[in-house]
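The residues making up each chain are set out below.
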Amino acid sequence: MFGYRISWSQLAWYGHRLSGIGVLVYLFMQIVLMAALVYHSLNGLRVIAMDFWPATTRWYRPLTYAVIIVTFAAMVPLGLIMITPYAPWNGR
Amino acid sequence: MAIGRKIWPVQGDPLRRNPSRAARPRPSEPGFERWMWYFTRISGLLLVLLAMGHMGIMHVLVQLTGQEINFAFVLARWGNPFWRIYDLLLLVLALAHGVNGARIIIGDYIERGGLRSLLMGILLAVTFVWLLLGIFVILTFNPDGAPAIGPFS
């Protein structure tokens, strides 16, 4: 499968890392999901615009930057709102 | 000052030139792949509204109004047929849009052969089970017949 010999200990190490990242992502699941959804939506709208109105490709670069900036900007308040019930400043 | 590189007007069919340079060009021959190309874009537009609405209500507005999502919340929500149809539409469109995307990604990275067939088969089987399970729950959920919640209740 890997094209070279791999030991069980190596496999266990990969498994530990992968499952660790999985647990971490699961912890922040809703926020990760929200960020992915915001980015995918904005970038998808850009792709649709450029597919059907090729004139908009003139602004390919600024629009791509805008998608990234707006995603991060939107996730600041959204992330704060979503984490508030579990946050230490909320008395927990 | 011109912002960005000028790649318009395009030569030939603009939909084939893939000016977005992010997704794929529209397939040249009519058929399944071209249908899916349009489906991805149209369902994507609808999903911006449906999925954003879902996340906005269930994970943002709920927090802002100091509510909690529990069994009573779900009962009240699915007591209204509008939200059942909304959730059904979201389930079917999101699953079809996402699975088609996964199908294309598998096709892009895994060469023809046993592994690709295996992955496509697993994808199809999981999709089928997920779709049936989701539709079954949304359509048949009956608050009166709902059991007491939790293993210790």
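Structure's up top.
Definitions and limits used
- Residues numbered from 1 in each chain as written.
- Chains lettered and ligands numbered in written order.
- Predicted model: local features only at pLDDT ≥ 70, side-chain atom pairs only at ≥ 80, totals over all residues.
- Heavy atoms only, no water.
- Helix = DSSP H or I, 4+ residues; strand = E, 2+ residues; numbered from the N terminus.
- Buried < 20%, exposed > 50% of the residue type's maximum accessible area, 1.4 Å probe, protein only.
- Contact = heavy atoms within 4.5 Å.
- 1 Å grid on protein atoms, 1.4 Å probe; cavity = no way out; pocket = protein on both sides within 12 Å on 5 of 7 lines; lining within 4 Å.
- Points joined across faces, edges and corners; volume = space filled by probe spheres on them.
- Nonpolar A, V, L, I, M, F, W, Y, C, P; charged D, E, K, R; others polar.
- Salt bridge = Lys/Arg side-chain N within 4 Å of Asp/Glu carboxyl O.
- Phe/Tyr/Trp six-rings, centres within 6.5 Å; stacked < 30°, edge-to-face > 60°.
- Lys NZ or Arg CZ within 6 Å of the ring centre and 35° of its normal.

Visitor: How should the overall build of chain B be read in this particular structure?
Guide: Tallying secondary structure elements over chain B gives four helices and zero strands in all. Within chain B, buried positions represent 27% of all 153 residues. Look at the contacts in chain B between residues 6 or more apart in sequence, and 53% of them connect residues 24 or more apart.

Visitor: How should I be thinking about the layout of surface pockets in this particular structure?
Guide: Remark: the empty space left among the atoms is shown by a probe the size of a water molecule rolled over them. In this structure, the largest pocket spans a volume of roughly 1800 Å³. Those elements giving two or more residues to the lining of the largest pocket turn out to be α2 (29-52) of chain A together with α1 (32-64), α2 (71-78) and α3 (81-109) of chain B. If you tally residues by element for the lining of the largest pocket, the top one is α3(B), at 15 residues. When its residues are assigned to classes, the lining of the largest pocket shows 28 nonpolar, 14 polar and eight charged. Estimates place the volume of the second largest pocket at around 570 Å³.

Visitor: What is the right way to look at the environment of Val25(A) in this model?
Guide: Position of Val25(A) among the secondary structure elements: in helix α1 (residues 8-27). Sequence-wise, Val25(A) and Arg46(A) are 21 residues apart; in three dimensions their C-alpha atoms are separated by 27 Å.

Visitor: What is the right way to read the pattern of salt bridges from this model?
Guide: Once the charged atoms of two side chains with opposite charge are near each other, the side chains can pair. Residues and elements named next belong to chain B. By the definition in use, this model includes three salt bridges over all chains. With a shortest N-O distance of 3.0 Å, aspartate 87 and arginine 77 are connected by a salt bridge. Pair noted here: aspartate 87 is in helix α3 and arginine 77 is in helix α2, with a separation of ten residues, a long-range link. A relative accessible area of 11% places aspartate 87 in the buried class. Residue classification places arginine 77 among the buried positions, given a relative accessible area of 11%.

Visitor: Help me understand the packing of aromatic side chains, please; the structure alone is not making it clear to me.
Guide: The geometry of an aromatic ring pair comes down to the distance between the two centres and the angle between the two planes. Applying the stated criterion to the full structure yields ten aromatic pairs over all chains. Residues Phe52(A) and Trp37(B) carry aromatic rings whose centres are separated by 5.7 Å and whose planes lie at 65° to one another, so their mutual orientation is edge-to-face. Linking Phe52(A) in helix α2 with Trp37(B) in helix α1, this pair reaches from one chain into another. Using a relative accessible area of 31% as the deciding quantity, one classes Phe52(A) as partly exposed. Classification of Trp37(B) by relative accessible area gives buried; the value is 4%. Members of the aromatic cluster, joined through ring pairs, are Phe52(A), Trp53(A), Trp37(B) and Tyr38(B). The ring of Trp37(B) has Arg41(B) sitting right over it, with the charged end atom 4.0 Å from the ring centre.

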